Amino acid sequence: MRRPTEKGFVLIAMSAAMFLLLAVIGMVFDLGRVYITRNEAQVFTDAASMAAAQQLDGTPAGLARARAAVAALPNHWNLGTKDFEGVVVEFSADNEHWKPEPAADELPSLRYARVTAPGNHVEIMFLRAVGGPETLTVPARAVASTGLVRLTQ
Amino acid sequence: MNSQKGHAMIELAISATVMVTFLAGTFQFGYTFYIYNQLVSAVGNGARYAAQRTYRGATDRDIERGNQAIRNLVVYGDAQPAADAAPVIANLKPEHVEVRWVLNGDGIPATVDVTIRGFAVDAAIQTFAFDGRPSVEFPYVGRYAPAESEP
């Protein structure tokens, strides 16, 4: 027979270790996915803002083409499995005041397109068990101007 | 006293097995995610380079040389790498990178897709294969030069 004080020691030690282990797994697994999503979303908004800015030509048709070009990009997130949702495309003449629906007289002065991917909710699996949130939202945003850089090489 | 020692051994054996399994799994996923994240960056950089690069289309060979420069940028971070250049991601080779141009009705590039094909991440215990992802599309904004040759 064990002495009474020794009883259950392994149980307690294991529970403490499991808690720490879950936290470590959560850091690796969940935060790993969060960082990948951040990267995927940034690459998407970079490409989308370029696609939108390229279409701006001062006409309502150009504005429509800019939105369509963003919607047509096939880039995904969540390890390349999910579409970007709730993507916001805004336009500006001065890179300061942004409008999703610019007035007709503002169209010729538009020089910048800004794309925001706000709705990338990464589902947290392991960190949730040790007090973490259920989802972590990783938004991304990028701005491109109509005078896009071309490489000479 | 003897029976207690045996208990402790069994307890240790069971808990150590569980712990080591968890830790090995954590390492595998952690390492694979790390490599995937680097792949996303590499493919994104390559696609951005492709989007802004001059598209020289005098011959099929020029197009292929342009594509090779894009693949090199993804793999080595440099379009014209030195002969002994090391890839930014272990074991990644230019043949793992697919460059696909989408041409519009006039034959001018509209978008460019850069995709990882058939790349395996060796995470010590298990191998994870990536085929078709990560994949990135950029709009083509570079200079279109159908009559020029690659320098």
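Residues numbered from 1 in each chain as written. Chains lettered and ligands numbered in written order. Predicted model: local features only at pLDDT ≥ 70, side-chain atom pairs only at ≥ 80, totals over all residues.

A.B. asks: Describe the overall build of chain B, with residues and values.
C.D. replies: Of regular secondary structure, chain B possesses 2 helices and 7 strands. Helices (α) and strands (β) of chain B occur, in sequence order from the N terminus, as α-β-α-β-β-β-β-β-β. What you see for chain B is a C-alpha radius of gyration of 23 Å, clearly larger than the 15 Å of a compact globule of 151 residues, by over 25%. By its C-alpha atoms, chain B is 90 × 35 × 20 Å across when sized along the principal axes. The buried share among the 151 residues of chain B stands at 32%. Taking the contacts inside chain B whose residues are at least 6 apart along the sequence as the reference set, 60% of them involve residues at least 24 apart. (Helix = DSSP H or I, 4+ residues; strand = E, 2+ residues; numbered from the N terminus. Rg over C-alpha atoms; globule rule 2.2 N^0.38 Å. Buried ≥ 20, exposed ≤ 12 C-beta atoms within 10 Å, placed from the backbone. Contact = placed C-beta atoms within 7 Å.)

A.B. asks: So what's going on with the overall build of chain A? Residues and values would help.
C.D. replies: Summing up its helical and strand segments, chain A has 2 helices and 7 strands in all. Reading the helices (α) and strands (β) of chain A from amino to carboxyl end gives α-α-β-β-β-β-β-β-β. On C-alpha atoms alone, chain A measures out to a radius of gyration of 24 Å, which is more than a quarter above the 15 Å that the 2.2 N^0.38 rule sets for 153 residues. If one aligns the C-alpha atoms of chain A with their principal axes, the spans along those axes are about 90 × 40 × 25 Å. Within chain A, the proportion of its 153 residues that are buried is 33%. A fraction of 63% describes how many contacts in chain A between residues 6 or more apart in sequence connect residues 24 or more apart.

A.B. asks: Could you give an account of the nonpolar core, with specific residues and numbers?
C.D. replies: Membership of the largest hydrophobic core comes to 59 residues, with the highest contact counts inside it found for Ala52 and Ala113 of chain A together with Val114 of chain B. Broken down by element, this core gets its largest block of residues, 11 residues, from helix α1 (residues 2-52) of chain B. (Core = buried A, V, L, I, M, F, W, Y, C linked by C-beta atoms within 7 Å.)

A.B. asks: Can you tell me about the pairing of strand β5 (residues 126-130) of chain B, naming the residues and giving the values?
C.D. replies: All names here are of chain B. Alignment of strand β4 (residues 119-123) against β5, held across 5 bridges, turns out to be antiparallel. From the neighbouring strand, Asp122 faces β5, where its bridge partner is Thr127. The loop that links β4 with its antiparallel partner β5 comprises 2 residues; one of these, Ala124, has a positive phi angle of about 70°. (Pairing = 2+ DSSP bridges.)

A.B. asks: Go over unusual backbone geometry, please, and point to the residues and values.
C.D. replies: Looking along the chain, the bond that leaves Arg133 of chain B and enters Pro134 of chain B is cis, with omega of -5°. Tracing the backbone shows Pro134 of chain B in the loop between β5 and β6 (135-139). For Asn78 of chain A, which is not a glycine, the phi torsion comes out positive at approximately 60°. Residue position: Asn78 of chain A is located in the loop between β1 (76-77) and β2 (82-83). For Ala124 of chain B, which is not a glycine, the phi torsion comes out positive at approximately 70°. Inspection of the secondary structure assignment puts Ala124 of chain B in the loop between β4 and β5. Since 9 C-beta atoms lie within 10 Å of it, Ala124 of chain B is described here as exposed.

A.B. asks: Can you explain the packing of helix α1 (residues 9-55) of chain A against helix α2 (residues 60-72) of chain A? Please cite residues and give values.
C.D. replies: Residues and elements named next belong to chain A. Relative orientation of the contacting elements α1 and α2 amounts to 160°, with a least axis distance of 8 Å. Here α1 lies roughly antiparallel to α2, going by the angle between them. Handedness of the α1/α2 crossing: right-handed. Along its contact with α1, which presents Ala48, Ala51, Ala52 and Gln55, the element α2 presents Gly62, Arg65, Ala66, Ala69 and Val70. In terms of residue class, the contact of α1 with α2 is built from 6 nonpolar, 2 polar and 1 charged. (Axes fitted to C-alpha atoms, helices over the stretch in contact; angles between N-to-C directions. Parallel < 35°, antiparallel > 145°, perpendicular 65-115°, else oblique. Left-handed = near helix turned anticlockwise from the far one by under 90°. Nonpolar A, V, L, I, M, F, W, Y, C, P; charged D, E, K, R; others polar.)

A.B. asks: Please give an account of the interface of chain B and chain A that cites residues and values.
C.D. replies: Facing 29 residues of chain B, the contacting portion of chain A comprises 32 residues. When contributions to the side of chain B that touches chain A are tallied by element, the ones reaching two or more residues are α1 and β6 of chain B. The greatest single-element share of the side of chain B that touches chain A, amounting to 17 residues, is contributed by α1 of chain B.

A.B. asks: Would you mind going over α2 of chain A in detail, with residue names and values included?
C.D. replies: All names here are of chain A. The terminal C-alpha atoms of α2, which comprises 13 residues, lie 18 Å apart, in line with the 18 Å expected from a rise of 1.5 Å per residue. Within the sequence span of α2, burial applies to Leu63, Ala66, Ala69 and Val70. Mapping the buried residues of α2 onto a view down its axis gives an arc of 120°, with all of them on the same face. Exposed and facing more than 90 degrees away from the buried side of α2 are Pro60, Ala61, Ala64 and Ala71. (Expected span 1.5 Å × (residues − 1). Arc of directions from axis to C-beta.)

A.B. asks: Residue-level account of the sheet that holds strand β7 (residues 140-145) of chain A, with values.
C.D. replies: All names here are of chain A. Spatially, β3-β4-β7 is the arrangement adopted by the 3 strands of the open sheet, whose pairing is antiparallel. Whereas interior strands pair on both sides, the edge strands pair on one side only; in this sheet they are β3 (88-92) and β7. Averaged over all pairs of adjacent strands, the angle between their axes in this sheet comes to 20°, without regard to strand direction. Looking at chain direction, β3 and strand β4 (residues 112-117) are connected through 5 bridges and run antiparallel. Looking across to β4, one finds that Glu90 is bridged to Arg114.

A.B. asks: Talk me through the confidence of the model for chain B; I want residue IDs and the actual numbers.
C.D. replies: With 97% of its residues at a pLDDT of at least 70, chain B reaches an overall mean of 91. Here the complex is predicted with pTM 0.89, and the ipTM for its interfaces comes to 0.88. (pLDDT = per-residue confidence, 0-100.)

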